[in-house]
Amino acid sequence: MDIAYIPSPSHGVVHLGPIPLRGYAFCIIIGVFVAVWLGNKRWIARGGRPGTVADIAVWAVPFGLVGGRLYHVITDYELYFSDGRDWVDAFKVWQGGLGIWGAIALGAVGAWIGCRRRGIPLPAWADALAPGIVFAQAIGRWGNWFNQELYGKATNVPWALHITSSTDGRVPGYYHPTFLYESLWCIGVGFLVIWADRRFTLGHGRAFALYVAAYCVGRGWIEYMRVDDAHHILGLRLNDWTAMVVFLLAVIYIVVSARLRPGREEVVEPDGDTPDGDAVALDKKSDTKSDTKSDSKADDEAAETTDKKSDGKKSDGKKLDDKKPDAKTDSESDEPAQSVEPAESEEPVEPEESVEAARGEAESAKKV
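The text that follows walks through the structure, step by step, so that each part is easy to find. Small disclaimer: the values here were computed from a predicted structure and weren't measured. (Residues numbered from 1 in each chain as written. Predicted model: local features only at pLDDT ≥ 70, side-chain atom pairs only at ≥ 80, totals over all residues. Heavy atoms only, no water.)

Quick notes on the environment of G47
Our working definition: Helix and strand assignments follow DSSP, with helices taken as H or I runs no shorter than four residues and strands as E runs no shorter than two, numbered in order from the N terminus.
Checked against the element boundaries, G47 lands in the loop between α1 (23-45) and α2 (52-75). As a C-alpha pair, G47 and E265 span 218 residues in sequence and 9.8 Å in three-dimensional space.

Now the structure itself:
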């Protein structure tokens with residue numbers, strides 16, 4: 001009996017003359033553009049400058065592609081280095097095989113370099129880009145559909161994926177479309193991060209950590225459904241263990257960061273605008289602060305000048321006080337004797353000539 005199913009493309013590549021156009025590569029490229037576009041809008045809303053997200057993505061994307069490929073090649077090395085395999089295939093990224101864990105880890109290194117060159121805090125940039133990254137993952141998962149890879153267990157559900165290829169050990173049949181499950185899960189995580197960021201004003205990398213934790217939850221149960229070859233540890237696939245460890249680290253970061261640095265960054269980029277278009281308010285505030293500082297500086301200078309003048313006056317007054325006794329002494333010594341008037345109680349002093357004349361008259365009278 002025929003059942004409903006999701007058909008697989010007969011070819012994952014279309015040739016435009018000598019140029020191959022691969023569906024997997026298209027999904028990756030479209031995802032990158034969506035991530036940068038949405039990240040730029042969120043960055044501007046937080047007070048950043050337009051174009052900054054794209055400038056840093058120039059560093060993050062190449063590092064992420066290399067990291068994703070390295071993780072895949074290391075964890076599935078037998079696909080490239082075992083007997084009968086060609087190690088050159090490890091460089092054929094267009095054939096599929098990018099580990100999200102390595103892409104995020106090494107992509108973060110590239111982003112850190114770009115942020116450091118621009119003087120921007122990496123956690124703030126990661127918060128702005130988090131929903132865009134997970135939406136890019138949702139788009140990129142459709143590249144697995146073009147390559148007919150990463151499907152789940154056999155099933156007869158109406159949305160079963162019909163695998164038609166028999167290469168690389170595939171068995172044609174109907175399987176769970178785990179690529180579709182993960183794509184839908186990533187879309188839900190993206191909207192969750194946007195909502196939580198607005199509701200709780202997440203900052204200092206907590207929005208990015210929420211994305212990581214939420215993605216790991218979905219990746220855990222989706223990974224458990226997959227049937228492709230993978231390394232197992234204690235009965236679980238390697239990616240399941242990776243998801244659990246990364247989930248715990250993300251939750252710990254959210255808790256510790258909320259205690260040490262609550263709230264959100266007030267300034268995310270030097271010379272940027274204020275969040276939500278309040279650039280004018282910030283300019284006015286900065287002008288007011290500068291005017292206040294200049295007025296305060298002028299007041300300080302005036303006060304300093306006044307102090308100097310008062311100190312000068314005090315020193316001059318002191319010098320004058322020191323000189324006053326000497327001046328008084330000199331003036332007293334230079335004054336003539338007749339300037340001192342006799343007191344009223346003292347008798348007037350007769351001149352010497354009148355005394356001698358009186359004596360002469362007295363002697364003349366005696367002789368007579």
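Considerations on the sheet that holds strand β5 (residues 173-175)
This is how the line gets drawn: Think of it this way: DSSP has to see at least two bridges between two strands before they count as a pair.
On the basis of which strands lie adjacent, the open sheet formed by three strands has the order β1-β4-β5 and mixed pairing. A single partner strand is all that each edge strand has here, and the edge strands are β1 (5-6) and β5. One ladder, built from two bridges, connects β1 with strand β4 (residues 160-163); its direction is parallel. From the neighbouring strand, I6 faces β4, where its bridge partner is L161.

Here's the deal with the packing of α1 against α2
We count it as follows: Under this scheme, a helix contributes an axis fitted over its contacting stretch, all axes are lines through C-alpha atoms, and angles between N-to-C directions fall in the 0 to 180 degree range. In this scheme the crossing of two helices becomes right-handed for a clockwise turn of the near helix relative to the far one and left-handed for an anticlockwise turn of less than a right angle. Should any heavy atoms of two residues lie within 4.5 Å, those residues are counted as being in contact. In this classification, Asp, Glu, Lys and Arg are treated as charged, Ala, Val, Leu, Ile, Met, Phe, Trp, Tyr, Cys and Pro as nonpolar, and every other residue, Gly included, as polar.
Contact pair α1 / α2: the axes reach a minimum separation of 10 Å and the direction vectors enclose 145°. The two elements α1 and α2 meet at a crossing, and its hand is right-handed. Residues I28, V32, V36, G39, N40 and W43 of α1 lie in contact with α2, whose contacting residues are T52, V53, A54, A57, V61 and L65. Among the residues forming the contact of α1 with α2, the class breakdown is nine nonpolar, three polar and no charged.

As for the pairing of strand β2 (residues 13-16)
Successive side chains on a regular strand alternate, one facing one side of the sheet and the next facing the other. Where β2 lies against strand β3 (residues 19-22), four bridges are found, and the strand directions are antiparallel. Of the residues in β3, the one forming a bridge with V13 is R22. Adjacent in sequence and paired antiparallel, β2 and β3 are bridged by two residues, among which G17 carries a positive phi angle near 70°.

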